[in-house]
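Given next are the chains, with one letter for each unit.
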Amino acid sequence: MQQRHNLYSSSPDRGDCDCHAPSSEPATALSAQEIADLLHMVEEEKLAGDVYETLYEKTGIQNFGNIVQAERRHQSAVQSLLKRYGIADPTLGKGLGVFENSVFADLYQVLITQGQQSIADALKVGAKIEDLDIADLNHLLANCQRSDFFRVYENLNRGSRNHLRSFDRALKTHTQECYTPEHISQAQYDAIVSAPHEQGRGCQEHSQQRGRGQGRGRGERSIC
């Protein structure tokens, strides 16, 4: 049985975020760029979930087990937009590491190989994925013209910032190493990891429903 490395189990990342788009806004036709953006993001969210699921099985590092379900919810949120606008989902029926876009297929293999080298390398892979996700979402939000897209992208970005904080803290605490961002600036990275956990409306409602005083350890919060 694979030994589990309980590096940062105090942030289980299991909250049910309200990431999905509202259904009341008319679903008008999308531009070619909006379609391309959705197709890119749904595979990028699948990449995160696939890498974390695989690395959890191969390394036993609890951070990946904690966050993987949040990544599946992120993927589902983008899938809801694809379905709403009648766009074929490129992730439908595809297993771990299988992608329509060869860039993601190649990146999956690179990240899995890197993540099995050491605990530090595995945590840096997690940080790298969230770094990429945040950079792409920042770009999409800056150019977004639709409220349903904006809501989904904003919630995904908040979740990615929380995940980045989790990987950064575990890396510094347990390996004394640091991740150098490749996609966002060092200044933005430092600002994110030094800021407190962000909780969205969906997460807060879920947390309240679970109630207080159930013996969940200090800092055991939902990270969407």
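Just so you know, these numbers come straight off a predicted model, no measurement behind them. Here the residue numbering is sequential within each chain, running from 1 through the sequence in written order. Confidence filtering applies because this is a predicted model: local features only for residues at pLDDT of at least 70, side-chain atom pairs given and counted only at 80 or more, and all residues used for totals across whole chains, interfaces and linings. As a rule here, side-chain values cover all heavy atoms of the structure and leave hydrogens and water aside.

**Here's the deal with the side chain of Asp 168**
Secondary structure elements are taken from DSSP: a helix is a run of H or I of four residues or more, a strand is a run of E of two residues or more, and numbering for both begins at the N terminus. Positionally, Asp 168 belongs in helix H5 (residues 147-175). According to the relative accessible area criterion, Asp 168 is buried, its value standing at 5%. Setting aside residues up to four positions removed in sequence, Asp 168 forms contacts with Tyr 189 and Val 193. Summary of the burial criterion: residues with accessible area below 20% of their type's maximum are buried, those above 50% are exposed, and those between are partly exposed, where the area comes from a 1.4 Å probe applied to protein chains only. Residues count as neighbours in contact if any of their non-hydrogen atoms are within 4.5 Å of one another.

**Section: the environment of Phe 150**
Following the sequence through the fold, Phe 150 ends up in helix H5. Placed 10 residues apart in sequence, Phe 150 and Leu 140 show a C-alpha to C-alpha distance of 8.4 Å. Not counting residues within four places of it along the chain, the set of residues in contact with Phe 150 comprises Leu 141 and Cys 144.

**Some thoughts on the environment of Ser 80**
Relative to the helices and strands, Ser 80 is located in helix H2 (residues 62-84). Residue Ser 80 is classed as partly exposed on the basis of its relative accessible area of 25%. When the C-alpha positions of Ser 80 and Val 152 are compared, they lie 9.6 Å apart, and in sequence the two are 72 residues distant. Between N or O atoms, a polar contact is any pair within 3.5 Å; within protein, one atom must be a potential hydrogen donor and the other a potential acceptor, and residues adjacent in sequence are included only when both atoms are from side chains. Reaching out from Ser 80, the side chain makes a polar contact with the backbone oxygen of Ala 77 at a distance of 2.5 Å.

**A few points about the confidence of the model for the protein**
A residue's pLDDT is simply how confident the predictor is in it, with values from 0 to 100. On average, residues of the protein carry a pLDDT of 85, and 77% of them reach 70 or more. Long-range and interchain partners of residues 8-16, a stretch whose pLDDT sits below 50, account for 45 contacts in this model, where long-range means more than four residues apart. For the stretch residues 202-223, pLDDT sits under 50, and the model shows 39 contacts to residues farther than four places along the chain or on other chains.

**A word on the packing of helix H1 (residues 32-59) against helix H4 (residues 119-142)**
Running from N to C, H1 and H4 point in directions that differ by 165°, and their axes come no closer than 11 Å. Classed by the angle they form, the pair H1 and H4 counts as roughly antiparallel. As H1 packs across H4, the resulting crossing turns out to be left-handed. On the side of H1, the interface is formed by Asp 37, His 40, Met 41, Glu 44, Glu 45, Ala 48, Val 51, Tyr 52 and Leu 55, while H4 contributes Ala 122, Val 125, Gly 126, Ile 129, Glu 130, Leu 132, Asp 133, Asp 136, Leu 137 and Leu 140. Note on geometry: axes are C-alpha line fits, over the in-contact stretch for helices, and angles between N-to-C directions span 0 to 180 degrees. Should an angle lie under 35 degrees it is considered roughly parallel, over 145 roughly antiparallel, and from 65 to 115 roughly perpendicular; all remaining angles are considered oblique. A clockwise turn of the near helix away from the far one marks a right-handed crossing, whereas an anticlockwise turn of less than a right angle marks a left-handed crossing.

**A closer look at the pattern of salt bridges**
By salt bridge we mean one thing: a side-chain nitrogen of Lys or Arg within 4 Å of a carboxyl oxygen of Asp or Glu. In this structure the tally under the stated criterion is 11 salt bridges. Among the ionic pairs, Glu 100 bridges to Lys 94, the shortest N-O distance being 3.2 Å. Note that Glu 182 and Lys 128 form a salt bridge whose closest N and O atoms lie 3.6 Å from each other. Within this pair, whereas Glu 182 is found in the loop between H5 and helix H6 (186-194), its partner Lys 128 is found in helix H4, the two being separated by 54 residues in sequence.

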